[in-house]
There are 2 protein chains.
Amino acid sequence: MGGRPVRLVLAAGTTRTARIDGISAAGADPDLTVHTPSADAEILTYGRIALSPVVPVSPGGCPTPAVISRAVRELVGFETTVVDAGLAKPTGAPTVDLGADPGADVRREAPVPAAEDLLAAARRFGRALPDDRLLLAETIPGGTTTALGVLTALGERERVSSSLPENPMALKREVVAEALDASDLRPGDAAGDPAAAIRAAGDPVLATVAGLALGALDGGAEVVLAGGTQLLAAAALVRHAGADDPLSLATTSFLADDPNAAVRETAADLDVAVAATDPGFDGSDHPGMAAYVRGEAKEGVGAGGALALAEEAGVGGAALRDRIASVYDRLLGGSGPEAGSTATGGAFGGTE
Amino acid sequence: MGGRPVRLVLAAGTTRTARIDGISAAGADPDLTVHTPSADAEILTYGRIALSPVVPVSPGGCPTPAVISRAVRELVGFETTVVDAGLAKPTGAPTVDLGADPGADVRREAPVPAAEDLLAAARRFGRALPDDRLLLAETIPGGTTTALGVLTALGERERVSSSLPENPMALKREVVAEALDASDLRPGDAAGDPAAAIRAAGDPVLATVAGLALGALDGGAEVVLAGGTQLLAAAALVRHAGADDPLSLATTSFLADDPNAAVRETAADLDVAVAATDPGFDGSDHPGMAAYVRGEAKEGVGAGGALALAEEAGVGGAALRDRIASVYDRLLGGSGPEAGSTATGGAFGGTE
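Residues numbered from 1 in each chain as written. Chains lettered and ligands numbered in written order. Predicted model: local features only at pLDDT ≥ 70, side-chain atom pairs only at ≥ 80, totals over all residues. Heavy atoms only, no water.

A word on the overall build of chain A. Along chain A, the regular secondary structure elements total 14 helices and 7 strands. When its C-alpha atoms are laid out on the principal axes, chain A stretches across 50 × 40 × 35 Å. Across the 352 residues of chain A, 64% fall into the buried class. Within chain A, counting contacts between residues at least 6 apart in sequence, those at least 24 apart form 82% of the total. Summing over all exposed atoms, chain A offers an accessible surface of approximately 11,300 Å²; the carbon and sulfur share of this is 45%. Side chains of chain A give 27 positive and 47 negative charges; the mean places of these two sets differ by 2 Å. (Helix = DSSP H or I, 4+ residues; strand = E, 2+ residues; numbered from the N terminus. Buried < 20%, exposed > 50% of the residue type's maximum accessible area, 1.4 Å probe, protein only. Contact = heavy atoms within 4.5 Å. Areas by Shrake-Rupley, 256 points an atom, 1.4 Å probe, with all protein chains shown as cover. Lys, Arg positive; Asp, Glu negative; His and termini not counted. Charge placed at Lys NZ, Arg CZ, Asp CG, Glu CD.)

Shown next as structure tokens:
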């Protein structure tokens, strides 16, 4: 990715779609999951939670991938900017306000009624950023279902990943079918009209990431999509907006190796170059790393992009894993700003 | 100030008091001045404006002191966090939302009706920040008048600085007298009640800075007030809230040497240690530095604190002045993100 200055822009938001039973992190309490993007923004920014009630951890014990991105940031020092892409809970992290609201359940008509305005606002902001290279990332529980919704509405390959070891793909397809029905759309009907696809079956994070990418490309910056299938859905939106500039996806090996996700196939469809980084967690008995090897979380909060930056900076795997363990211990070792509130086992972190 | 990790927290807000004729940057168009804090946040964060229409520059050609703070940040690399302390215009900088609204004209009753809630929210956030040392800074046009209001309501020394070479002190006193009248207060009536002083005669930035300081002190962090007489008004609020922890003021020599400001006397009243840094602009013919020597701007956006960090890091005066010139040229040389909108000579930058 070259050695030029880089900024990771995190679009953090919510969709009520995440509250559908079985869609996101089965077993997690949706009343806590809705805090996950707000907490992820704090962890990326400060290396700990600030105003959020819990550190996002899956029922299986997998901490949010924000831990990985933060660890790399502490080693490499890249800049970060969080965009409020429809947060539903307060965050102590500074966020850019582009007017996004939380997304509604995609089974209703027009879950993102202001998709077009949000795309335009994010595009304007993406163009205004000063950087040569932007890494775009996401945190939104339920986001792979809305990604599937957008891919389907655009007529692209209908494959997405999951933060769960077992991907509830049949349920996601059913939800997406209801979403399209509610807007009188058939698969492919929104081809060439990204705002229509988001409006009917997407979420505010997809609108924000796609708009940021379009604006950054307008301004001549290099765009790296740091994530998995949600970022590929954003790439599809960029392509359907008519932009044919080079795009690359920087993801984790966990996501790239997931046969359900079909990352390389979808990326090839969309002319997106794929780079997958393996953080070398195999054989680790650390609870913050072993869960990834078991297939949990996989990606999110720009983890794959951050890992690529670590590799580019020559940070060795051992140093990286040490720092991940240290961020994990800081977050989950009870040394939070409000010790009593740094509960574990709360909301789920991986949002892919 | 020691060599430990530090974060500069900028409270950026507005008060309608700035629209009173002659109060802030005589001659500047108040329709542009209201953008100044939003633009300052962008300059500190990105080194250029993003969504703001103009770079804040005084009628006398003095650029916002955000240029100084940003230049030091580019050399030294400290973290920054912007808190929305009542912005009235959009900003492309990420901001922490503590629920602040723009302040009303202090001549009305209760210009900051939610002073108590804002103090509490800022205190909670200040305590949640992870840093060992916080530099607290401000940007709010008209802020020295509201600082005078708070000092008067608390019964402290009634002296403040000005961003103008000629301080309109008589006008400020008149405005403050009207402010206290409107709330049926006499000077000193709010002693021991910081929320009452802010509510009747202050602004949302003072509430935010005082709350942040109290929270940081609660959490055991070192607090450096990075600014001039507005930061001393915040110190007075902290003292009247009952906190007797050590506090220091890091300011510019321009501000410390201003006899009208009585910085050392007020600081002594409040048991605040003063460190003033001289950036060595004397003899410079650069338009971004010569104006300071003529007595414009003086301080703001944490410039004095940033200069202290530069000194602490061993950055030489020549390197500093080169970088200030380079940030200035980047901002005002027409190379903004939207070339046509990077107008010069717009709103005024110095807010002290």
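That covers the picture; the talk isn't over yet.
Time to look at the nonpolar core. Among the nonpolar cores identified, the biggest contains 73 residues, and Phe125 and Leu136 of chain A are the most heavily contacted of them. Ranked by residues supplied to this core, first place goes to helix α8 (residues 204-218) of chain A with 10 residues. Look past the residues within four positions of Phe125 of chain A in its chain and what remains in contact with it is Thr81, Val83, Val96, Leu98 and Leu212 of chain A together with Tyr46, Leu51 and Gly92 of chain B. Among the nonpolar cores identified, the runner-up in size contains 71 residues, and Leu51 of chain A together with Val9, Val112 and Ala115 of chain B belong to it. (Core = buried A, V, L, I, M, F, W, Y, C linked by side-chain atoms within 4.5 Å.)

Attention now moves to the interface of chain B and chain A. Taken together, the contacts link 23 residues of chain B with 23 residues of chain A. A buried area of about 2,000 Å², summed over both sides, lies between chain B and chain A, and 54% of it is on carbon and sulfur atoms. Area buried by chain B at its contact with chain A is led by Tyr46, Leu51 and Ala128 of chain B, which between them contribute 26% of it. Summed over the shared surface of chain B and chain A, the number is 2 salt bridges. As a salt-bridge pair, Glu79 of chain A and Arg73 of chain B come within 3.3 Å of each other at their nearest N and O atoms. Put simply, chain B and chain A have 3 residue pairs in polar contact (both at pLDDT 80 or more) between them. Of all elements in the fold, only α2 (36-46), β2 (79-84), β3 (95-97) and α4 (115-128) of chain B reach the threshold of two or more residues within the side of chain B that touches chain A. (Buried area = accessible area lost by both parts, 1.4 Å probe. Salt bridge = Lys/Arg side-chain N within 4 Å of Asp/Glu carboxyl O. Polar contact = N/O pair within 3.5 Å; in protein donor to acceptor, adjacent residues only side chain to side chain.)

The next subject is the confidence of the model for chain A. When pLDDT is averaged along chain A, the result is 91, and 92% of the positions lie at 70 or above. Taken together, the stretch residues 335-352 of chain A has pLDDT below 50 and engages in 80 contacts with residues farther than four places along the chain or on a different chain. (pLDDT = per-residue confidence, 0-100.)

Below, the discussion takes up the pattern of salt bridges. For the structure on display, the rule yields 28 salt bridges over all chains. Residues joined by salt bridges that share partners form a network here, namely Arg7, Glu79 and Asp131 of chain A together with Arg73 of chain B.

Take the relation of the copies chain B and chain A next. By a simple turn and slide, chain B fits onto chain A: the slide is 0.0 Å along the axis, the RMSD is 0.0 Å, and the turn is 180°. Accordingly, the operation relating the two chain copies is best matched by a two-fold axis. Here 100% of the contact residues of chain B are again contact residues in chain A; the copies associate through an equivalent surface. (Least-squares fit on C-alpha atoms with pLDDT ≥ 70 in both.)

Our next topic: a negative patch on the surface. A cluster of acidic residues, Glu109, Glu174, Glu178, Asp181 and Asp184 of chain A, forms a negative patch at the surface. If you trace the backbone, Glu174 of chain A turns up in helix α6 (residues 169-182). (Patch = residues over 30% accessible without salt bridge, like charges linked within 9 Å, V, L, I, M, F, W, Y side chains within 5 Å.)

Let us now look at the packing of aromatic side chains. Applying the stated rule across the entire model yields 8 aromatic pairs over all chains. Note on Phe281 of chain A and Tyr292 of chain A: the rings are 5.7 Å apart at their centroids and 70° apart in plane angle, and the pair reads as edge-to-face. One end of the pair, Phe281 of chain A, is in the loop between β7 (272-277) and α12 (287-293); the other, Tyr292 of chain A, is in helix α12, and 11 residues separate them in sequence. With respect to class, Phe281 of chain A is no different from Tyr292 of chain A; both count as buried. With a centroid separation of 5.7 Å and an interplanar angle of 35°, the aromatic rings of Phe254 of chain B and Phe281 of chain B are classed as tilted. Taken as a pair, Phe254 of chain B in helix α10 (residues 253-256) and Phe281 of chain B in the loop between β7 (272-277) and α12 (287-293) lie far apart in primary sequence, 27 residues in all. Each of the two residues, Phe254 of chain B as well as Phe281 of chain B, counts as buried. Among the aromatic residues, those joined into a ring-pair cluster are Phe254, Phe281 and Tyr292 of chain A. (Phe/Tyr/Trp six-rings, centres within 6.5 Å; stacked < 30°, edge-to-face > 60°.)

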